[in-house]
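Here is how the chains run, residue by residue.
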Amino acid sequence: MATHDHNDHHEHGSELSEAQLRVRALETVLTEKGYIDPVALDTLIEAYETKVGPHRGARVIAKAWADPEFKRALLVDGTAAIRDAGLFDRVSEHIIAVANTERQHNMVVCTLCSCYPWDMLGLPPVWYKSAPYRSRAVNDPRGVLRDFGVTLAPDTDIRIWDSTAETRYIVVPLRPAGTEGWSEDKLANLVTRNSMIGTGLPLDPGKAR
């Protein structure tokens, strides 16, 4: 008969960080009190991890690269343009798209907390919510970009966009050279999450999947 080794169970449980243990304890209490449905919570987390993520934003950027009319509409009213294009069933309000140019590079931050376009980019990275990023992005944007491996020409202006609960920004990076005639699906493979935040650039066309 199979037996369960409780000591082994506790050893595995000890691998959780203190923060993870606290989250698990809080979830247990809220579940016992009937405040949350663990199944619904797991479904929501899975959706943001697998169904809602940077690939959605990548589809928007790829379409903007391939369709000048859509790009113009996107820069005027991001939410309306995405909704009218029928790319997704649901689109959150107040999405603002800002386009990089040869003379200007855009970078997004939330200096107050961690406002972020979840439905376009999925779960925010840990560094986006950190105090060092939130302060340095404003005070030393070139230094932050260097930390991410991005070096811009000295004459390139950097504009910082501060997200709020009412406005969520997404950066339209420059389309890589050598991608003329590419399909939107192929273009989307070049778009990274960081390039849509402004802390990165699209992948080299030679690395497209």
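A few points on the structure. (Residues numbered from 1 in each chain as written. Predicted model: local features only at pLDDT ≥ 70, side-chain atom pairs only at ≥ 80, totals over all residues. Heavy atoms only, no water.)

On a plain count of helices and strands, the chain comes out with twelve helices and four strands. Within the chain, the proportion of its 209 residues that are buried is 35%. Long-range contacts, defined here as pairs at least 24 residues apart, represent 65% of the contacts in the chain between residues at least 6 apart. Carbon together with sulfur atoms contributes 53% to the accessible area of the chain, which is approximately 12,700 Å² in total. (Helix = DSSP H or I, 4+ residues; strand = E, 2+ residues; numbered from the N terminus. Buried < 20%, exposed > 50% of the residue type's maximum accessible area, 1.4 Å probe, protein only. Contact = heavy atoms within 4.5 Å. Areas by Shrake-Rupley, 256 points an atom, 1.4 Å probe, with all protein chains shown as cover.)

One finds Leu74 and Ile82 to be the most contacted residues of the largest nonpolar core, which totals 44 residues. Considering every element that reaches this core, the biggest residue donor is helix H4 (residues 54-66), with six residues. Setting aside anything within four residues of it in sequence, one finds Leu74 in contact with Val60, Ala64, Ala81, Ile82, Ala97 and Val172. (Core = buried A, V, L, I, M, F, W, Y, C linked by side-chain atoms within 4.5 Å.)

Moving on, we get to helix H6 (residues 78-85). Looking only at H6, the buried set comprises Gly78, Thr79, Ala81 and Ile82. Viewed along the axis of H6, the buried residues span an arc of 170°, placing them on a single side of the element. Buried positions along H6 lie against H4, helix H5 (68-76), strand S1 (95-99) and helix H7 (118-121). The opening residue of H6 is Asp77, an N-cap whose side-chain oxygen sits 3.4 Å from the backbone nitrogen of Thr79. Just downstream of H6 lies Gly86, where phi reads positive at about 70°. (Arc of directions from axis to C-beta. Polar contact = N/O pair within 3.5 Å; in protein donor to acceptor, adjacent residues only side chain to side chain.)

Our next topic: the environment of Leu203. The residue Leu203 is located in the segment after helix H12 (193-197) in this model. Sequence separation between Leu203 and Thr192 is eleven residues; the distance between their C-alpha atoms is 7.2 Å.

Bringing the packing of H5 against H6 into the picture now. Geometrically, a packed helix pair is captured by the angle between its two axes and the distance between the axes. Contact pair H5 / H6: the axes reach a minimum separation of 5 Å and the direction vectors enclose 140°. Classed by the angle they form, the pair H5 and H6 counts as oblique. For the pair H5 and H6, contact is made by Phe70, Ala73, Leu74 and Val76 and by Gly78, Ala81, Ile82 and Ala85, respectively. (Axes fitted to C-alpha atoms, helices over the stretch in contact; angles between N-to-C directions. Parallel < 35°, antiparallel > 145°, perpendicular 65-115°, else oblique.)

For Thr179, the location among the structural elements is in the loop between strand S4 (168-172) and helix H11 (184-188). One polar contact links the side chain of Thr179 to the main-chain carbonyl oxygen of Pro176, over a distance of 2.8 Å. Beyond its immediate sequence surroundings of up to four residues, Thr179 is in contact with Leu187, Leu190 and Pro205.

Turning our eyes to something else, we now look at the pairing of S1. With four of its five residues buried, S1 lies for the most part within the structure. Summarising the sheet, S1 and S4 pair through five bridges and their orientation is parallel. Residue Ala99 lies in a different strand from S4, and its bridge partner there is Val172. (Pairing = 2+ DSSP bridges.)

In this section: the packing of H4 against H5. Viewed as axis vectors pointing N to C, H4 and H5 meet at an angle of 120°, and their least axial separation amounts to 5 Å. Judged by the inter-axis angle, H4 sits oblique to H5. Contact with H4, carried on its side by Val60, Lys63, Ala64 and Ala66, involves Pro68, Phe70, Lys71 and Leu74 of H5 and no other residues of that element.

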